[in-house]
Amino acid sequence: MRLLDKLKRKVKIIISFLKKLFLIIFMSFVGTTNAYEIGKGEAICSNLQFVTTTESSSEIHPIALTGNPDAQCMMAMFYYGGYGGVKQNYFDSLSWFYMAAQGDLAIAKIHYINVYEYLLDNNLISLNKKELYTERGKWSTMMREVAESPLSSADEKRLAKFHWDGFNLSIYLPVEYK
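So, here's what we can say about the structure. Since the structure is predicted, the reported quantities are computational estimates derived from the model, not experimental observations.

Observations concerning the packing of aromatic side chains
- Scanning the entire structure with this criterion turns up seven aromatic pairs.
- Seen in terms of ring centroids, Y98 and Y112 are 5.2 Å apart; in terms of plane orientation they differ by 45°. Their pairing is tilted. Of this pair, Y98 sits in helix α5 (residues 90-102) while Y112 sits in helix α6 (residues 106-121); the two residues are 14 residues apart in sequence, bridging distant segments of the chain. Accessibility assignment for this pair places Y98 and Y112 in one class, buried.

Written out as structure tokens, the structure reads:
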């Protein structure tokens, strides 16, 4: 039993590390593009400490509800990692990423696909072939928009190409998602 407890603790440490690594990678995009200027004229989400505080989701949530895609993406990150005083919930994260993607936020489109694929891979979402084809059609549209947008950073365009090639999105008819 002791061995099992030690293993559980190690798994928790690894998961915690991976969450932080994911946020650091995400924040590197934010830092270079200054994408999170949310109504205050300053990048309130420009460092990892802000992301992990308990007050942050209550500060961002009202802004996200107004339709601000940057705030919606930040709420998605809170739910993805269980930060900002919210409980980790991949489905809520997916919903917030989708709303932010509809606001033409490139990084939100990329993360939407990542979270959706995670849910599919872990059998947390089950789709029939037609539903999966339609969903991947949305991904095709999203990645094409990221790749073609002059507002997308070079890193975002690289990630879009990676997803386009990795999921073979060229075989799916584009589907409107807005």
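Some remarks on unusual backbone geometry
- Although it is not a glycine, D104 adopts a positive phi angle of roughly 65°.
- Relative to the helices and strands, D104 is located in the loop between α5 and α6.
- D104 sits in the partly exposed class, given a relative accessible area of 46%.
- Notably, N168 is not glycine yet its phi reads approximately 50°, a positive angle.
- When you line up the elements, N168 lands in the segment after α8 (154-166).
- We classify N168 as partly exposed; its relative accessible area is 40%.

Quick word on the packing of α6 against helix α7 (residues 129-148)
- Packing of α6 against α7 leaves a shortest axis separation of 9 Å and a crossing angle of 155°. Classified by the interaxial angle, the pair formed by α6 and α7 is roughly antiparallel. Crossing hand, α6 versus α7: left-handed. On α7, the residues touching A106, K109, I110, Y112, I113, Y116, E117 and L120 of α6 are L132, E135, R136, W139, M142, M143, E145 and V146.
- Of the residues belonging to the contact of α6 with α7, the class tally is 11 nonpolar, no polar and five charged.

Cut-offs and rules
- Residues numbered from 1 in each chain as written.
- Predicted model: local features only at pLDDT ≥ 70, side-chain atom pairs only at ≥ 80, totals over all residues.
- Heavy atoms only, no water.
- Phe/Tyr/Trp six-rings, centres within 6.5 Å; stacked < 30°, edge-to-face > 60°.
- Helix = DSSP H or I, 4+ residues; strand = E, 2+ residues; numbered from the N terminus.
- Buried < 20%, exposed > 50% of the residue type's maximum accessible area, 1.4 Å probe, protein only.
- Axes fitted to C-alpha atoms, helices over the stretch in contact; angles between N-to-C directions.
- Parallel < 35°, antiparallel > 145°, perpendicular 65-115°, else oblique.
- Left-handed = near helix turned anticlockwise from the far one by under 90°.
- Contact = heavy atoms within 4.5 Å.
- Nonpolar A, V, L, I, M, F, W, Y, C, P; charged D, E, K, R; others polar.

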